[in-house]
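# Architecture and fold: a report
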Amino acid sequence: GQQVMQIPQYQHVQEGEDFTTYCNSSTTLSNIQWYKQRPGGHPVFLIQLVKSGEVKKQKRLTFQFGEAKKNSSLHITATQTTDVGTYFCAVISNTGKLIFGQGTTLQVKP
Amino acid sequence: DAGVIQSPRHEVTEMGQEVTLRCKPISGHNSLFWYRQTMMRGLELLIYFNNNVPIDDSGMPEDRFSAKMPNASFSTLKIQPSEPRDSAVYFCASTTGHRLSTDTQYFGPGTRLTVL
């Protein structure tokens, strides 16, 4: 079935450093969604990418969808302690279900 | 606006007991999803409903798990009998259901279940 690999699993950065998480699929994706889950919280929708090569920005967050629509990335510029949490990508399976990646847990040291 | 509501928020029970988790989706949303989250397996989709009808329950672990959606504003996930390996956080999520492939999922706060 549809699977998506997300790397890295964990990332520790110093506040102010940049952070990037990657999501990769062996098949072409129709779209990809990104969610953030704070410690002890629930996943919250961040953004959806649909078009090949699409780039979207939300303040310090930059989301990219690969040209071949098989990979995506989330980049955070100058991390802050409020960025702490787990970032998930999610893709639609061929049966219409939303499949979540394993997530990348970000720790930010002040 | 009220988001997805789940109850209880925490549940501690003993092995063999029946557990019922409850969810109220966002008003007007037509699709409802139950997920289980553990460290080992991540976020797993258990079952989802569209217009109160179960569409895909292939993620339900075994016969001890059952889910119902008697109306558009209420769903339950039942585990009977519960086992320690069922300990996890169970999330309910809802979407408008207009286009499942692109709908945003709105998650509830989750129920943290501990089975002793």
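As a reminder, the structure under discussion sits directly above these lines.
Residues numbered from 1 in each chain as written. Chains lettered and ligands numbered in written order. Predicted model: local features only at pLDDT ≥ 70, side-chain atom pairs only at ≥ 80, totals over all residues. Heavy atoms only, no water.

### A few points about the overall build of chain A
Check the secondary structure of chain A and you find zero helices and eleven strands. Scanning chain A from its N terminus toward the C terminus, one meets helices and strands in the order β-β-β-β-β-β-β-β-β-β-β. Rg of the C-alpha trace for chain A: 13 Å, near the compact-globule value of 13 Å for 110 residues, within the 12% margin. When the backbone C-alpha atoms are referred to their principal axes, chain A occupies close to 40 × 25 × 20 Å. Among the 110 residues that make up chain A, the fraction classed as buried is 48%. Sequence separation of at least 24 residues holds for 53% of the intrachain contacts in chain A that already meet a minimum separation of 6. (Helix = DSSP H or I, 4+ residues; strand = E, 2+ residues; numbered from the N terminus. Rg over C-alpha atoms; globule rule 2.2 N^0.38 Å. Buried < 20%, exposed > 50% of the residue type's maximum accessible area, 1.4 Å probe, protein only. Contact = heavy atoms within 4.5 Å.)

### Focus on the side chain of Ser72(A)
Residue and element names in this part refer to chain A. With respect to the helices and strands, Ser72 occurs in strand S8 (residues 71–76). Residue Ser72 is classed as buried on the basis of its relative accessible area of 3%. Reaching out from Ser72, the side chain makes a polar contact with the side chain of Trp34 at a distance of 3.0 Å. In contact with Ser72, not counting residues within four places along its chain, are Thr21, Tyr22, Cys23, Ile32, Trp34, Leu49, Gln64 and Phe65. (Polar contact = N/O pair within 3.5 Å; in protein donor to acceptor, adjacent residues only side chain to side chain.)

### Examining the pattern of salt bridges
All names here are of chain B. Taken as a whole and assessed by the stated rule, the structure comprises ten salt bridges over all chains. The partner of Glu44 in a salt bridge is Arg41, with the nearest N and O atoms 2.7 Å apart. As a salt-bridge pair, Arg85 and Glu83 come within 2.6 Å of each other at their nearest N and O atoms. Among the residues examined, Arg85 registers a relative accessible area of 55% and is labelled exposed. Taking relative accessible area as the criterion, Glu83 reaches 23% and is therefore assigned partly exposed. By sharing partners, the salt bridges in this structure join Glu62, Arg64, Glu83, Arg85 and Asp86 into a single network. (Salt bridge = Lys/Arg side-chain N within 4 Å of Asp/Glu carboxyl O.)

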